[in-house]
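Each chain, letter by letter, is given below.
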Amino acid sequence: MAAVGETILEVRDLNKAFYGVAANDRVNFDLRAGEVHGLLGENGAGKSTLCSVLAGLYRPDSGEVRLDGQPVSLRSPHEAAEHGIGMVYQHFRLVPSLTVAENLVLGLKRQGFRLTLRAVQNRVAAIAEEYGLTVHPDSYVWQLSVGEQQRVEILKQLYRGARILILDEPTAVLAPHECEKLYEVVRHMAQQDHSVVLVSHKMEEILGHTDRVTVLRLGRNAGTVNTAETDAASLAAMMIGAEHMPEAGEHALRRFDDAPAVLSVANLEVVGDRGVTAVDGASIEVRRGQIVGVAGVAGNGQRELQEAIAGLRAISGGSIRLGERDITSASPRERSAAGLAYVPEDRLGTGLASGLTLEENLVLKSYREAPHSRWGVLSSRAIASTARDLAEGFDVRGARSQMAVSLMSGGNLQKAILARELTRTHDVLVAASPTRGLDLAATAAVRTHIRAETAHGRGVLLFSEDLAEITELADLIVVMSRGRIVGSYTPETLDIAELGLLMTGAQDQTAGPAESAAESQAGDPAGSPAG
């Protein structure tokens, strides 16, 4: 057993790339016995990759992992567990139809003929009592609340002997009172000589519940500091790297005071997949010719808001209007016909039918119409002609006759979606992470299409976790945190440091420059703080 404060885990010059793109670039990290170490960074900063290497899911391309001063090779989760490393994922990995005790022993190597379910239940009950993880060993997982299921995940790692516990966004699905209970457990584990790596986007959690913080940015170390010696502003600057942010272009200096609203979202309430409110009174307004960018860390209600606007998710309160038309209760097809174009973040799961050809995907919203069909009979010649024109106009490459679109590259998939959506009559484009994972050429092409929308008098609601993209394209930036719109900026009033604090929840702005900026844009803007 290592002495408290002694380094037990070291990561040295870790490199890991996927398809030539570096996720971890010479990352260094160390963990001490008995500490809670925060891991902070934007989406895509490399946090999940680092944790997956430590949990044995990924093998590094180069670099070294040391435990108790000795190099180790973690080639699988089983090997990581044998070295005392366990990870609790944001999305639980439990079998609902089995009991708590059965889930804990599922997948373990045989432990001899004397192991009985009663013995497992007794041991689980003892661990649960020791760490304050109240849960009944003989309960079925499907009977448990989300908070109880998370306790089962933690119990599973403790049962298997983990002394290093990695918690990936542990409060993302918890109610406030469950969060407090979780951190009581975390601190108790640290006092019992366990070490905890806490992965979180929430600044107040990092500041309130960790001993040290390591910040990753763009796959590299941005710094490691003692939590007691830093503050939210310093961490946000490390996390976002304001010095690298591009300045807004002249396109963003336009005014929209007299432009009519093409999309109005008012006091929207949306419940997430876990039954918890994901969008909490959000209001946004997009005017003709304007690009409104929504900035925020993933998991703060952006996906649910996009889906609610597109008609893919039910709302529990508020309203949505396209121009003068109320579409709150309209179907996705009716919204499309009313003038809404939608480019989702999930290209193959939502944007395209992966098993269909490019031609079929390009006419998914028009195959009922002439010339693609007459009296219910499809015209293969007309469909092929339209597909050729769209592919040529949007430079969609790599498709072959009868080839499923799932075999095409990400950039060509995105251009295919844009080709289908932007060539239909519409007044508003809702685009979610439109350049995620694309190369430079494809990114430039997608952004050109988005800018062209405003030249034709259309409005754009752009969701992106890439702040450089937001500042480059948007005429108005609104910040989303915990399901609420907490601030807004024009290019003239943009304060990257303040925006970073809002994104991470370290500052909840209810008035000030952001509100004034939005008011100067268009009277009573939807981007003004809500709630």
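Up top is the structure these notes are about.
Now for a description of the structure that goes with this document. (Residues numbered from 1 in each chain as written. Predicted model: local features only at pLDDT ≥ 70, side-chain atom pairs only at ≥ 80, totals over all residues. Heavy atoms only, no water.)

Quick notes on the overall build of the protein
Across its full length, the protein holds 18 helices and 22 strands. Out of the 531 residues belonging to the protein, those deemed buried represent 53%. In the protein, the share of contacts with a sequence separation of at least 24, taken over all contacts with a separation of at least 6, comes to 69%. Entry remark: accessible area of the protein is about 23400 Å², with carbon and sulfur atoms responsible for 49%. (Helix = DSSP H or I, 4+ residues; strand = E, 2+ residues; numbered from the N terminus. Buried < 20%, exposed > 50% of the residue type's maximum accessible area, 1.4 Å probe, protein only. Contact = heavy atoms within 4.5 Å. Areas by Shrake-Rupley, 256 points an atom, 1.4 Å probe, with all protein chains shown as cover.)

A short note on empty space enclosed by the protein
The tally for this structure, following the rule as stated, stands at three cavities of 30 Å³ or more. In this model, the largest cavity occupies a volume close to 80 Å³. Lining the largest cavity, in full, are Leu 133, Gly 147, Gln 150, Arg 151, Ile 154, Leu 174, Glu 178, Lys 181, Leu 182 and Val 185. Of all the elements in the fold, those that place two or more residues in the lining of the largest cavity are α5 (146-159) and α6 (176-191). The class makeup of the residues in the lining of the largest cavity is five nonpolar, two polar and three charged. (1 Å grid on protein atoms, 1.4 Å probe; cavity = no way out; pocket = protein on both sides within 12 Å on 5 of 7 lines; lining within 4 Å. Points joined across faces, edges and corners; volume = space filled by probe spheres on them. Nonpolar A, V, L, I, M, F, W, Y, C, P; charged D, E, K, R; others polar.)

Examining the packing of aromatic side chains
The full count for this structure, using the stated rule, is zero aromatic pairs. A cation sits over an aromatic face here: Arg 93 above Tyr 89, 3.8 Å from the ring centre. Sitting over the ring of Tyr 159, Arg 123 keeps its end group 4.4 Å from the ring centre. (Phe/Tyr/Trp six-rings, centres within 6.5 Å; stacked < 30°, edge-to-face > 60°. Lys NZ or Arg CZ within 6 Å of the ring centre and 35° of its normal.)

Brief notes about the environment of Glu 6
Take Glu 6: it is sitting in the segment before β1 (7-18). We classify Glu 6 as partly exposed; its relative accessible area is 41%. Separated by 28 residues in the primary sequence, Glu 6 and Gly 34 place their C-alpha atoms 8.5 Å from one another. Those residues within four positions of Glu 6 in sequence are excluded, and the remaining contacts are Leu 31, Arg 32 and Ala 33.

Examining the pairing of β1
Two strands pair when backbone bridges link them, and β1 and strand β2 (residues 21-32) are joined in this way by eight bridges, in the antiparallel orientation. Among the inter-strand pairings, Leu 14 is bridged to a residue of β2, identified as Val 27. The pairing of β1 with strand β4 (residues 62-67) spans five bridges and is antiparallel. What sits directly across from Arg 12, in β4, is Glu 64. (Pairing = 2+ DSSP bridges.)

Digging into the layout of surface pockets
What the second largest pocket holds in volume is close to 610 Å³. Lining the second largest pocket we find 25 residues, and of these Pro 77, His 78, Ala 81, Gln 157 and Arg 160 sit closest to its centre. When residues of the lining of the second largest pocket are traced back to their parent elements, those giving at least two are α2 (77-82), β6 (85-88) and α5. Of the residues contributing to the lining of the second largest pocket, the split by class is twelve nonpolar, six polar and seven charged.

Thoughts on the sheet that holds strand β13 (residues 291-295)
Strand order in the open sheet formed by six strands is β16-β19-β20-β13-β21-β22, with mixed pairing between adjacent strands. One side of each edge strand has no neighbouring strand; the edge strands of this open sheet are β16 (340-343) and β22 (484-489). For this sheet, the mean angle separating the axes of adjacent strands, direction not counted, is 20°. Note: strand β19 (residues 428-432) against strand β20 (residues 459-463), five bridges, orientation parallel. For Val 428, the partnering residue across the bridge sits in β20 and is Gly 459. (Axes fitted to C-alpha atoms, helices over the stretch in contact; angles between N-to-C directions.)

Focus on the nonpolar core
With 87 residues, the main nonpolar core has Ile 154 and Met 189 as its most contacted residues. Examining the composition of this core, we find that seven residues originate from one element, α6, more than from any other. In contact with Ile 154, other than residues within four places in its own chain, are Val 88, Leu 133, Leu 165, Leu 167, Leu 182 and Met 189. Of all hydrophobic cores here, the second largest spans 31 residues; its members include Val 262, Ala 282, Ala 310 and Ile 485. (Core = buried A, V, L, I, M, F, W, Y, C linked by side-chain atoms within 4.5 Å.)

Some words on unusual backbone geometry
Backbone torsion omega between Ala 370 and Pro 371 reads 5°, so that peptide bond is classified as cis. Along the polypeptide, Pro 371 turns up in the loop between α12 (358-362) and β17 (373-374). Although it is not a glycine, Leu 218 sits at a positive phi angle of roughly 55°. With respect to the helices and strands, the residue Leu 218 is situated in the loop between β9 (212-217) and β10 (220-226). Under the relative-accessibility criterion, Leu 218 is labelled exposed at 70%.

Thoughts on the environment of Glu 229
Tracing the sequence through the fold places Glu 229 in the loop between β10 and α8 (232-240). Residue class for Glu 229 comes out exposed when judged on its relative accessible area of 66%. For the pair Glu 229 and Asp 211, spaced 18 residues apart in the sequence, the C-alpha separation amounts to 9.9 Å.

Details of helix α14 (residues 410-422)
A rise of 1.5 Å per residue sets the reference length of α14, with its 13 residues, at 18 Å; its end C-alpha atoms lie 18 Å apart and thus fit the reference within 8%. With twelve of 13 residues buried, α14 lies mostly within the body of the structure. Residues of α14 that are buried: Gly 411, Asn 412, Leu 413, Gln 414, Lys 415, Ala 416, Ile 417, Leu 418, Ala 419, Arg 420, Glu 421 and Leu 422. (Expected span 1.5 Å × (residues − 1).)

Overview of the sheet that holds β2
Read from one edge to the other, the open sheet built from four strands follows the order β2-β1-β4-β5, with strand pairing classed as antiparallel. The two strands at the open ends of the sheet, each matched to only one other strand, are β2 and β5 (70-72). The sheet shows a mean angle of 30° between the axes of neighbouring strands, taken without regard to direction.

Concerning the pairing of β10
Remark: a regular strand shows side chains that alternate across the two faces of the sheet. Relative to β10, β9 runs antiparallel, the two being bridged by six bridges. The partner of Arg 212 across the bridge, within β10, is Asn 226. Here β9 hands over to β10 after two residues, with Leu 218 in that stretch at a positive phi of 55°.

Function cannot be inferred from these measures alone, as they are strictly geometric.
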